[in-house]
Each structure stands twice: as C-alpha cells, then as structure tokens.
Amino acid sequence: MPVPGAVVRTFLDLLLATWPAPPLEPALPPPAAETSAPKAPIGPPVPIIVAPKPPPEAPPQPGERARPMLHGELKAELRGAFIVNLCYNTGTIAPGSVAYYAYPTNVSKAQFFVSPSNTVVGFKLSGLEFGSAAISGAMDVNLRSPTPLQTANTLSPQFYDVHMQLEFSRWRLVVGQYPDVVLPVVPDTTNSYPAGYLPGALGYVSPQVRADVRIPVGARFQVLLQGSFNRPLQTFQLSDELVGRQAGLPDFQGRIAFGLGASNDKPWQRPFEIGAAAHIGRRLVTVVANGAGTEYRTWSVSGDLRLWLPTKTLIKGRVWKGSLLGDFAAGAFQTVDPMTMLAIRAWGFWIEAQQRLTDRWRVTAGYGRDDPTNADLSAGDRGLNQAGFGNVLWDVTKTIGFGLEGSRWSTGYVGAPTARVWRGDLLFFLRF
C-alpha cells in the first residue's frame, strides 16, 4: 500500500526538528588549560540567544539632502620669501625703497637703499573639507615701513593677506583681507616685488567679503563672475584743514572675464583671459574747523588682459578710467584736491611683455602711465606719472633667485618742471 506523501513530509519535519543544531559562528573560545581541580558536573545544555541585528538606517527621503560633515586634518604650511633690494636712484623717489613717483626737481637728491622691507612671510591652513567644499585660510605680511625716508631702520609689518576661504569646484567664498576684485593682474617688476607696482596700476588689498563663480563651457572655455563688498579706507589726510573719511557705506567691486585654453591643474586660470571690472563707493571730506562735510563718489571702470603664447611669451596689461582713486593706488595717489575741492579724475594703463628664455631665465619689459585730469588740480599737484622698465630674473633653484632691473620715472607737476629719475635695482630672494 503506498504511503501518502503528506505522511512522509510530516515524518521528515519531526526528524529535522529533533536533529542537533550546528555550532554557532564564531566558534566558542578554546577550553582553558587542564588543572587538578575537580571538574564541575556537566549539566543540561544552556541555550544561546543571539540578539537580532539593528535595522539598517533608512535612506534619505526624496528631496531630503544628507547633512555635510566636517572631515579631514588641518595642515599648516609655512611660506614666504626673504627679499633684499639694493637700489640707486638718481633723484628722490617716494617712498624710497619702493618707487611710486618722483619728487619735484627742487627737492630731489640721489638715493641709495639696502632694503629688506619687501620680505613676505606667512602661512597657509588647509586640509579640512565641509561636504564637497575645501576650507582654507592664509596670512601674509611684509615689512614695509610707512615712512621709509624718515625711518629707514624701522620695519613696520603690513598685513597683505589675512583671509578664510570656502571653495567648491565651481564657486568660492573669501572673507578677510584679500587682493581687490579690480586687481586681477600685477606687473612683473622688482619694484614692490613680488606684487609689483607700475604707474597705471589700479587696486591693492582691502578687507572684504568676496564671491567668485566660474562657468565652464566645454573643455576650453569658461566665464568668471566675481563680486565683493569692501571696507572703504577709514581715514586719509588731505591737509591740516581737511580730512577724508568713509561715508558709512561699503565699496562694491565686480568683474566679468572670459577664459580660453586648457586649464591643466588650475581650473580658475586659462592661458588667455580678458576681463572688465568696475567699482563704486563714497567718501566724506570734513572741514576740521567747523565739521562741515561734503560727499564724493569714487568709481572706476577697467579692462584687463593676460595671454600666454606657445612661444612661452606672456603679455599682460590693464586700462582704466575713474575718479577719486588715491585709495586704489591710482590717480598719482591723489583723491580730492584741497584747493579746488574737486574729486580728481584720472585715466591710465600699463602693459608688459615677458619672455621665458629657459625654465630659470626670463626677461620682461613694460610701461605704465597714470594721467590725472589737470582741470581738477591746483598748482604743485602731480599732473602725470609714468615709468618704463626692463629686467631679467634668474631662478638659480626653486628656492634662490636674483633679479636686475633698470627703470626711468617721470612725474609732471602743475606749474613746475617735470621730475625725471633713473633707477637701478638688484634683487635677491630666498623662497620657502
């Protein structure tokens, strides 16, 4: 008589239920070493209960973003350059060890300087990330005395760069003292090295909140959008009777640029870049005797160019126009004329060409012009400031280098002869 299938399945289920269970993983630790003590009687087996695993964390719901976490390790990198300039001027140049303009001929005398004031020391902090953004910061100071003609043996540290930065792949935010948005390129001159100065320059550094955005278009083209609001210069002296102050509003700066070429390892820079920038702000001039004040507008519009050619030739330059630009190292360092009580308008430009002869040798030549409007000036004011230069720089190693430069400075004064000064500069630097 055939056995029904239901009976067979019931018999197998009972057999499996009474079959000894296999050992659990991981295996129990090995027994302890044998001793002479009597062994405890073996009792019934103790059941082992394994706690269930906690349920996995629920994935984020649609539209819900995971919270970014701060990770990485903070790293500090010491950086800077010991810089010494040996310079000889055939006439008096202000401020002296660094050249801004020539003194009038009636008070001009030859000068010789050995100056370490261009030395730059600082550090950079990096290594932390917040989500996909890199967090960094830096501080750099130089040793330029505010009055080198009177205090040649006194070095007064000047903060050039003190900032914090949050950088994503396409945009970055900078808070602190940082180069102006209207200062995208600087001349490669030994004067004020490494951030050189030439008449026709516009912009310096200032405390600011700044945002930069880059918009790549394909692999070789990108658009840069940059904007900031900056603290205006707090106080600038016009005369014993007049003092200039900020008007309680920030300066606003903006720039748009178009870049072309392969970025290599520097996505924010392209071999060819052309840009346009502008700024606007207000200043207040107060009469010391009665406290009466007059508001003035400071503004500028400018264009800039940087071009790397396949021949290892670099061409850079700027052109600009504006008013009340002494705060921005333009207008021949003049703001409001104390006699005419007019904001001094000016225009200017600079251009240079640099050729790399080898990886260690490069030669540069350039010219700059800063031309205030004579109608805004009174007798004795600087009506024109210009300079041409040529130099050769030799990087002996990545650390040690030398430079030799010759330049000619010409500063015109309203109602007075033009002052012309030749300048020779020998530069030594030790980078780290």
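Please refer to the structure placed before this passage.
Just so you know, these numbers come straight off a predicted model, no measurement behind them.

Rules behind the numbers
Residues numbered from 1 in each chain as written. Predicted model: local features only at pLDDT ≥ 70, side-chain atom pairs only at ≥ 80, totals over all residues. Heavy atoms only, no water. Helix = DSSP H or I, 4+ residues; strand = E, 2+ residues; numbered from the N terminus. Contact = heavy atoms within 4.5 Å. Areas by Shrake-Rupley, 256 points an atom, 1.4 Å probe, with all protein chains shown as cover. Pairing = 2+ DSSP bridges. Buried < 20%, exposed > 50% of the residue type's maximum accessible area, 1.4 Å probe, protein only. Core = buried A, V, L, I, M, F, W, Y, C linked by side-chain atoms within 4.5 Å. Salt bridge = Lys/Arg side-chain N within 4 Å of Asp/Glu carboxyl O. Patch = residues over 30% accessible without salt bridge, like charges linked within 9 Å, V, L, I, M, F, W, Y side chains within 5 Å. Phe/Tyr/Trp six-rings, centres within 6.5 Å; stacked < 30°, edge-to-face > 60°. Lys NZ or Arg CZ within 6 Å of the ring centre and 35° of its normal.

A word on the overall build of the protein chain. Of regular secondary structure, the protein chain possesses one helix and 21 strands. Pairs at least 24 apart in sequence give 61% of the contacts found in the protein chain among residues at least 6 apart. With an accessible surface of roughly 24700 Å², the protein chain has 66% of that area assigned to carbon and sulfur atoms.

Let us now look at the pairing of strand β10 (residues 221-230). The pairing of strand β9 (residues 205-217) with β10 spans 10 bridges and is classified as antiparallel. When the sheet's bridge partners are listed, Val 217 is paired in β10 with Phe 221. The antiparallel hairpin formed by β9 and β10 contains three residues in its connecting segment, where Gly 218 sits at a positive phi of about 75 degrees. Relative to strand β13 (residues 251-260), β10 runs antiparallel, the two being bridged by 10 bridges. Looking at β13, one finds that Leu 225 is bridged to Ile 256.

Now for the environment of Gly 415. Inspection of the secondary structure assignment puts Gly 415 in the loop between β20 (400-413) and β21 (416-431). Taking relative accessible area as the criterion, Gly 415 reaches 85% and is therefore assigned exposed. On a C-alpha basis, the gap between Gly 415 and Ser 378 in space is 8.8 Å, while along the polypeptide they are 37 residues apart.

A separate point is the nonpolar core. Counting 17 residues, the largest nonpolar core has Ile 93, Tyr 197, Leu 198 and Trp 409 as the members making the most contacts within it. Sorting the residues of this core by element identifies β2 (93-95), β3 (99-102), β19 (382-395), β20 and β21 as the ones contributing at least two each. It is β3 that provides the largest number of residues to this core, a total of three residues. Core analysis: the next-biggest nonpolar cluster, separate from the first, contains eight residues, Leu 238, Val 285, Leu 324 and Val 336 among them.

All right, on to the environment of Trp 347 then. Along the chain, Trp 347 turns up in strand β17 (residues 345-356). Residues Trp 347 and Trp 320, 27 residues apart in the sequence, show an inter-C-alpha distance of 5.6 Å.

Assignment of secondary structure puts Thr 92 in the loop between β1 (70-89) and β2. On the accessibility criterion, Thr 92 (9% relative accessible area) is buried. Measuring from C-alpha to C-alpha, the distance between Thr 92 and Arg 423 comes to 10.0 Å, with 331 residues separating the pair along the chain. Look past the residues within four positions of Thr 92 in its chain and what remains in contact with it is Ala 102, Tyr 103, Val 107, Ser 108, Lys 109, Gln 111 and Val 421.

Another aspect to go through is the side chain of Ser 378. Its place among the elements puts Ser 378 in the loop between β18 (361-372) and β19. Classification of Ser 378 as buried rests on a relative accessible area of 15%.

Let us look at the pattern of salt bridges. Summed over the entire model, instances satisfying the criterion amount to 17 salt bridges. Among the salt bridges present, the one from Arg 210 reaches Asp 212, with a minimum N-O distance of 3.1 Å. Residues Arg 210 and Asp 212 agree in their burial class; the two are buried. Residue Arg 306 pairs with Glu 273 through a salt bridge whose shortest N-O separation is 3.4 Å.

Looking now at a nonpolar patch on the surface. Taken together, the side chains of Leu 78, Phe 82, Phe 123, Leu 357, Trp 361, Val 363, Trp 394, Ile 400, Phe 402, Leu 430 and Phe 432 define a hydrophobic patch exposed on the protein surface, amounting to about 960 Å² of accessible area. Among the secondary structure elements, those contributing two or more residues to the nonpolar patch are β1, β18 and β20. Note that Trp 361 resides in strand β18. Given the relative accessible area of 34%, Trp 361 is considered partly exposed.

Throughout the structure, instances matching the rule amount to 15 aromatic pairs. Here the aromatic rings of Trp 361 and Trp 394 are separated by 5.1 Å at their centres, their planes lie at 10 degrees, and the arrangement is stacked. Separated by 33 residues along the polypeptide, Trp 361 in strand β18 and Trp 394 in strand β19 bring together distant segments of the chain. For Trp 394, a relative accessible area of 32% corresponds to the partly exposed category. Following the ring pairs from residue to residue traces out a cluster consisting of Tyr 100, Tyr 101, Tyr 103, Tyr 197 and Phe 333. It is Arg 214 that lies over the ring of Trp 268; its NZ or CZ is 5.9 Å from the centre. The cationic tip of Arg 382 hangs over the ring face of Tyr 101; the distance from NZ or CZ to the ring centre is 3.9 Å.

Across 10 bridges, β1 lies against strand β5 (residues 120-130) in antiparallel orientation. Within β5, the residue paired with Ala 81 across the bridge is Val 120. As defined by bridge partners, β1 adjoins β21 across nine bridges and the pair is classed as antiparallel. Across the sheet, Val 84 pairs through a bridge with Phe 428, a residue of β21. One ladder, built from five bridges, connects β1 with strand β4 (residues 111-115); its direction is antiparallel. Along β4, the bridge assignment pairs Asn 89 with Gln 111.

In the segment running from Ala 94 into Pro 95, the intervening peptide bond is cis, with an omega of 0 degrees. With respect to the helices and strands, Pro 95 occurs in strand β2. The phi dihedral of Leu 324 falls on the positive side, at around 55 degrees, and the residue is not glycine. Along the polypeptide, Leu 324 turns up in the loop between β16 (313-323) and β17. Look at Leu 324 and you get buried, because its relative accessible area is 0%.

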